[in-house]
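# Chains, contacts and geometry: an overview
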Amino acid sequence: MIISVDVGGTKSKAVLYNENGDVLNEVVVGSCHPMQNDDETIINNIQACILDDNAPIVFGFAGYGRSQSLKDKIDWLVAKACGNHPYHIIPDTEMAMYSTLLGHDGITVILGTGSVAFRKESAKTTQIGGWGFVLGDEGSGYELGQNVLKTFALEADGRKRKGIIFDSVTELYELNTPNELITKVVDHGIVKRMLIAKAARIALDHPEECLEIIKTSASNAAKLISSAQKDDLPVVITGGLSHSQYYIDTIQYYLPHIHIEVAKHEPVYGGYIYHLKH
């Protein structure tokens with residue numbers, strides 16, 4: 001058996017798999033990431049993910065390895081929580097690649113709050129994108145949501161006729177006045193990326209009214225995929241936006257010569273495949 005834990009910014013999901021990849025048990029707890037919670041809470045959350053006393057654990061942590069200080073902090077927290085329990089830590093992006101490509105060569109495209117692509121060729125992995133919301137995140141939920149909110153601002157000012165976006169944003173963020181949106185999505189200079197990305201759902205729920213917004217982001221996602229493509233490698237998309245067939249179909253429209261697939265497994269499944277390969 002193997003326990004796989006996908007550590008996200010808002011929650012962590014742990015799944016206990018048997019040797020055939022069948023789910024025996026699972027739990028969702030709060031984030032185990034040191035950028036999101038205090039040490040005591042993280043340790044308690046990690047311990048709640050130990051679904052079997054003997055099964056080794058594979059953790060997929062966001063940002064693991066990007067900086068030595070963050071890596072050291074994650075290493076310390078996991079060691080403190082797990083004690084003598086066997087475990088291994090990998091970046092969440094690597095876990096996502098294992099869940100999409102199942103250890104084979106190909107291209108993994110993650111379209112969630114942010115966006116990034118990884119091309120795996122034998123033992124070599126190349127990253128394309130992943131520059132963050134200031135410099136990149138093309139085709140992401142953040143970009144979609146930001147453009148929805150920009151349209152809301154235009155409608156609030158009377159620079160554009162009010163429509164479904166104005167009403168939907170007002171309801172989603174529970175605004176008493178349009179200007180309240182500013183402090184909702186920016187707190188003391190800190191941009192709330194995930195909160196902005198929530199507005200992407202408005203575009204995807206109203207594709208006819210938000211067609212240009214969707215086309216802009218889908219075109220950017222297609223450019224990301226095209227830049228990653230090489231030697232007709234298979235392309236698999238994962239992340240929150242992969243659940244919108246309309247969005248996937250729009251991306252495919254811009255890539256007539258590249259066949260894209262949607263991941264059959266959630267990212268946490270990558271821990272099981274990683275265990276098989278190692």
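A brief look at the structure comes next. Owing to the predicted nature of the structure, the values given are computational and were not obtained by experimental measurement.

Under the definition given, this model contains twelve salt bridges. Close ionic contact of E26 with K13 constitutes a salt bridge, the shortest N to O distance being 3.6 Å. Of this pair, E26 sits in strand β3 (residues 23–30) while K13 is found in strand β2 (residues 11–17), placing the two residues 13 residues apart along the sequence. Given the relative accessible area of 40%, E26 is considered partly exposed. What makes K13 buried here is its relative accessible area of 19%. Taking the shortest distance from any N to any O, the salt bridge between R119 and E121 comes out at 3.2 Å. According to the relative accessible area criterion, R119 is buried, its value standing at 11%.

Let's shift gears to unusual backbone geometry. In terms of backbone geometry, most residues other than glycine have negative phi values and most peptide bonds are trans. Unusually for a residue other than glycine, L102 sits at a positive phi of about 55°. The phi angle at D231 is positive, at roughly 55°, despite the residue not being glycine. Secondary-structure assignment places D231 in the loop between α10 (211–228) and β11 (235–238).

Here the focus is the nonpolar core. One finds V109, L144, V169, I225, Y247, I251 and I260 to be the most contacted residues of the largest nonpolar core, which totals 42 residues. Within the residue set of this core, elements represented by two or more residues are β6 (106–111), α5 (141–157), α6 (164–172), α7 (180–185), α9 (200–205), α10, β11 and α11 (245–253). The greatest single-element share of this core, amounting to eight residues, is contributed by α10. Ignoring anything within four residues of it in the chain, the contact list for V169 reads V148, L149, F152, E174, L175, L181 and I202.

Conventions adopted
Residues numbered from 1 in each chain as written. Predicted model: local features only at pLDDT ≥ 70, side-chain atom pairs only at ≥ 80, totals over all residues. Heavy atoms only, no water. Salt bridge = Lys/Arg side-chain N within 4 Å of Asp/Glu carboxyl O. Helix = DSSP H or I, 4+ residues; strand = E, 2+ residues; numbered from the N terminus. Buried < 20%, exposed > 50% of the residue type's maximum accessible area, 1.4 Å probe, protein only. Core = buried A, V, L, I, M, F, W, Y, C linked by side-chain atoms within 4.5 Å. Contact = heavy atoms within 4.5 Å.

The quantities given are spatial measurements derived from coordinates; they are silent on function.
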